Amino acid sequence: MNRAIVMGFMLWNFCLTAAVVAQETSLAILKATLPGFKSDARAISQEQLQRLYDRRLLPHELFEFNHQTELDTIQNIGFGNRDWGVATYDSLLCCFDPPAPCYIKAVGIQVQRWGNTKFCDGFIIRLAKPNYPWDFSDADWQGDSLFLGVWKNQAWQGHNFEPPLGRQMWGDFPVTAVENTVCWAEMIWLGEEPDTGGEPFQVVIVPYGEFGSNMATLTTRLEPSDPRDKVKLAHYREGAGWFVYNSALNWYVVVEYYGNKPPRITFDRAGSTMELGPRVVTCAIVDEDATDASKAGVRDAFLHFSINRSAYDSVAMELKSGTIENGIWAAEIPGEHKAGDVVDYYFSASDRGSPARYVVTYPVTYRIFEKKQELLLIVSGEDLKSFFPMLENKYDYWDLGLDGPIFDQLVQQYHHIIQCGELYRILESDDVIGRWIGTGTTNEPKNYFLSSDTWANAMAARGTTFGPSDWHNAYLGIESLGPLDFSHDPWSALPLNPVADDLVSGKIASFCGDSLQLYLQSGDADAFTPTDDAAVCFRDSARGLVLGCHKEGEAFKTVFLAFDYRFLFTKPQFWLSYHYDNLLGRVLEWFGTPISLVRAKTVDRASSFRLHQNYPNPFNTQTVIEYGILTPAHVQLTIFNLAGGRVATLIDGHQAAGDFRMVWNAHGFPTGIYFCKLEVDGYQQTQKMILIK
């Protein structure tokens, strides 16, 4: 029964109204589903719902950075690490699977601008039933995508699949696109709130506006090595068809339960440890029955665990405090472990309802930490390993989001620590670093490199001024923080200046010289006032605000950058983070990091140009190819087929330094895989392209 019929019937019968209202008080917000699991659902209040509609509350704030955390399908990966562009009149699809019968009240879509392209006017939202389970065999994939099929001449041409969209549940409804915000559509605007019946459903958007305009939405890219990479989105490109990708759309659906809900399990994930013995883990379980309060409560709960990816064992959990309706449950992961062991675990519970509801959390992992290298890299919810190719994985890795807070026993094993990226979770670990630096000696100094565009904002919760006895002042060289987020346009690149002859940034200053401007990609940076004994290494170009410094004492060396150094580049676009002449190379050299960890790399001709992935890809008839060269050179841009035969030459001649864009019209070429090769003075780069007609 759809919500419109229910609401009309309520107006006719007051007694029934009271009963229905009593049953329809459970609001929740859902995230994208993982095959084999229900969508993560976070209970929300009516007041929170109104704040969402008013854009005074962001949906991801309900899921992330909570002390007690419900497992969700894309937790601890970071909110939206990739923009996903979609052109007008193409389609983007996301699947949801509610944990209990509910009505769909609203849909929230995160909207961004897609690069420098023209922004669309809006997008159409549709809700539909899926035509088949949202799970796919690994054998069907080609690289990082799976082709479902294409509509041609009003007929479906499928590749072992039917069209993904099933029966329409709601829509189509146009929503005005507002840049850099979550745009909400309330289902009641079309007179009904669709009933899911507890079954899966799909949310589809279709941008509209001037031909060639685009929009982007935030996604979380999941690496194939990540066990959570089965979260999917589907993208329909006109003429090319439906493709499925391993990315999770940061879209949200507000629902209202009307039946018996499954138990809700929340817990603090166990962090990685150096302890080898058994470990007790706990969770909180809440269960309520919207149809019969006398049947609320947990019937049984289990802990499931695996050591080093072996088969899972299970043990019954005990109620330690509270009630079966709202209590704390505990169980022990037994056994004597050894350093290097990996433990996976998850919880399950069933309730006393009729019919009974059952819930399983997603598995989480902790490590029995083992020191292997002399350098420790600390991050927070980001996989940054690919940004440190020069270290060749000769470092130990600690993720504050996955491994938990750092602790004294951990850091005291090291003399060199790098901390980089988004560090919102830093507060409970921050003073550990201060104590660690304080243990340095003349013979065994402590060396610390901190580069983050979020650290200062997190620290500002404690205060922005550091006295002489505070370790941030004494060791990092920070007297006060601010102004924070001073860039008026965080979405644009921020020009900044390295300092000539500085031991950290001097190489970059020499590289840029008088002809190249240094930029920070996102514009996210914080300024600060350094202490008198700290050496400034970066300032912003417009106001001269200090963005980075370094400091040296008898028993320590530190570098602090109030931005993320990985995103430094020059125009023409040349990324500095991959070369030895970047900050990390200079810093590690100054620290005296064992030379076996660092392999010198110079900025050679092979690294002075870049061929970007074509877009769209896959494509139909024509695609855009972009590339950049740092210095004037002879350039050859050619297209080859899968057999290695050259089928087109787009450029063959001398070009000045700059960024270039070419369009390859593949009219007359057959469907298949092609390769685009860029050659610059004898060096080359290649990108794979897929043509589908």
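Before going into details, it helps to say that this report is about the structure given with it. (Residues numbered from 1 in each chain as written. Predicted model: local features only at pLDDT ≥ 70, side-chain atom pairs only at ≥ 80, totals over all residues. Heavy atoms only, no water.)

On a plain count of helices and strands, the chain comes out with nine helices and 45 strands. Counting only residues that meet the buried cut, the chain has 54% of its 693 residues in that class. Sequence separation of 24 or more characterises 72% of the internal contacts of the chain that already satisfy a separation of 6 or more. A total accessible area of about 29400 Å² is found for the chain, and carbon and sulfur atoms account for 51% of it. (Helix = DSSP H or I, 4+ residues; strand = E, 2+ residues; numbered from the N terminus. Buried < 20%, exposed > 50% of the residue type's maximum accessible area, 1.4 Å probe, protein only. Contact = heavy atoms within 4.5 Å. Areas by Shrake-Rupley, 256 points an atom, 1.4 Å probe, with all protein chains shown as cover.)

Time to look at the sheet that holds strand 18 (residues 279–286). Strand pairs in the sheet, formed through backbone hydrogen bonds, run parallel or antiparallel to each other. Read across the sheet, four strands follow the order 17-18-22-21 without closing on themselves; strand pairing throughout is antiparallel. Each of the sheet's edge strands pairs with one partner strand only, and the pair in question is strand 17 (264–266) and strand 21 (318–322). Across the sheet, the mean angle from the axis of one strand to that of its neighbour is 35 degrees, orientation sign disregarded. Pairing between strand 17 and strand 18: three bridges, direction antiparallel. The residue bridging Arg264 from the neighbouring strand is Val286, located in strand 18. (Pairing = 2+ DSSP bridges. Axes fitted to C-alpha atoms, helices over the stretch in contact; angles between N-to-C directions.)

Looking now at the environment of Arg367. Tracing the backbone through its elements, the reader meets Arg367 in strand 25 (residues 364–367). Using a relative accessible area of 25% as the deciding quantity, one classes Arg367 as partly exposed. It is 6.0 Å that separates the C-alpha atoms of Arg367 and Asp341, two residues lying 26 residues apart in sequence. Of the polar contacts made by the side chain of Arg367, one reaches the backbone oxygen of Tyr397; its length is 2.7 Å. Reaching out from Arg367, the side chain makes a polar contact with the side chain of Asp403 at a distance of 2.9 Å. (Polar contact = N/O pair within 3.5 Å; in protein donor to acceptor, adjacent residues only side chain to side chain.)

Turning to unusual backbone geometry, a few remarks are in order. For the peptide bond that leads from Gly171 to Asp172, omega is 0 degrees, which places it in the cis range. With an omega of 0 degrees, the peptide bond between Gly482 and Pro483 qualifies as cis. Assignment of secondary structure puts Pro483 in the loop between strand 30 (478–481) and strand 31 (494–498). For Tyr89, which is not glycine, the phi dihedral falls at a positive 70 degrees. Counting through the fold element by element, Tyr89 comes out in the loop between strand 3 (82–87) and strand 4 (91–96). One non-glycine residue, Asn180, adopts positive backbone phi at about 60 degrees. Here Asn180 lies in the loop between strand 9 (165–176) and strand 10 (181–186).

It is worth spelling out the nonpolar core at this point. Membership of the largest hydrophobic core comes to 60 residues, with the highest contact counts inside it found for Ile109, Phe123, Ile125, Phe136, Val203, Trp251 and Val253. For Ile109, the residues in contact, after removing those within four places along its chain, are Phe123, Ile125, Thr181, Val182, Cys183, Val203, Ile205, Thr217 and Trp251. (Core = buried A, V, L, I, M, F, W, Y, C linked by side-chain atoms within 4.5 Å.)

The next subject is the side chain of Ser91. Within the secondary structure layout, Ser91 lies in strand 4. Aside from chain neighbours lying at most four places away, what touches Ser91 is Val86, Val204, Ile205, Val206, Ala234, His235, Tyr236 and Trp242.

Looking now at the environment of Leu276. Secondary-structure assignment places Leu276 in the loop between strand 17 and strand 18. With 93 residues separating them in the primary sequence, Leu276 and Phe369 have C-alpha atoms 9.6 Å apart. When neighbours within four sequence positions are excluded, Leu276 is seen to be in contact with Gly335, Glu336, His337, Lys338, Ala339 and Ile368.

Listed in full, the buried residues belonging to helix 3 (residues 46–53) are Leu49, Leu52 and Tyr53. Take helix 3 and look down its axis: the buried residues cluster within an arc of 100 degrees, on one side only. Close packing links the buried residues of helix 3 with strand 1 (26–30), strand 2 (41–44), strand 5 (102–111), strand 10 and strand 16 (251–257). The first or second residue beyond helix 3 is Arg55, which carries a positive phi of 65 degrees. (Arc of directions from axis to C-beta.)

For the rest of this paragraph, the subject is the side chain of Thr181. Structurally, Thr181 is set in strand 10. Excluding anything up to four places from it in sequence, Thr181 contacts Arg55, Ile109, Gln110 and Val111.

Here the focus is the pairing of strand 40 (residues 622–629). In terms of residue burial, strand 40 counts as a mostly covered element, since six of its eight residues are buried. Note: strand 40 against strand 43 (residues 658–665), eight bridges, orientation antiparallel. Its bridge partner being in strand 43, Thr623 is matched across the sheet by Trp664.

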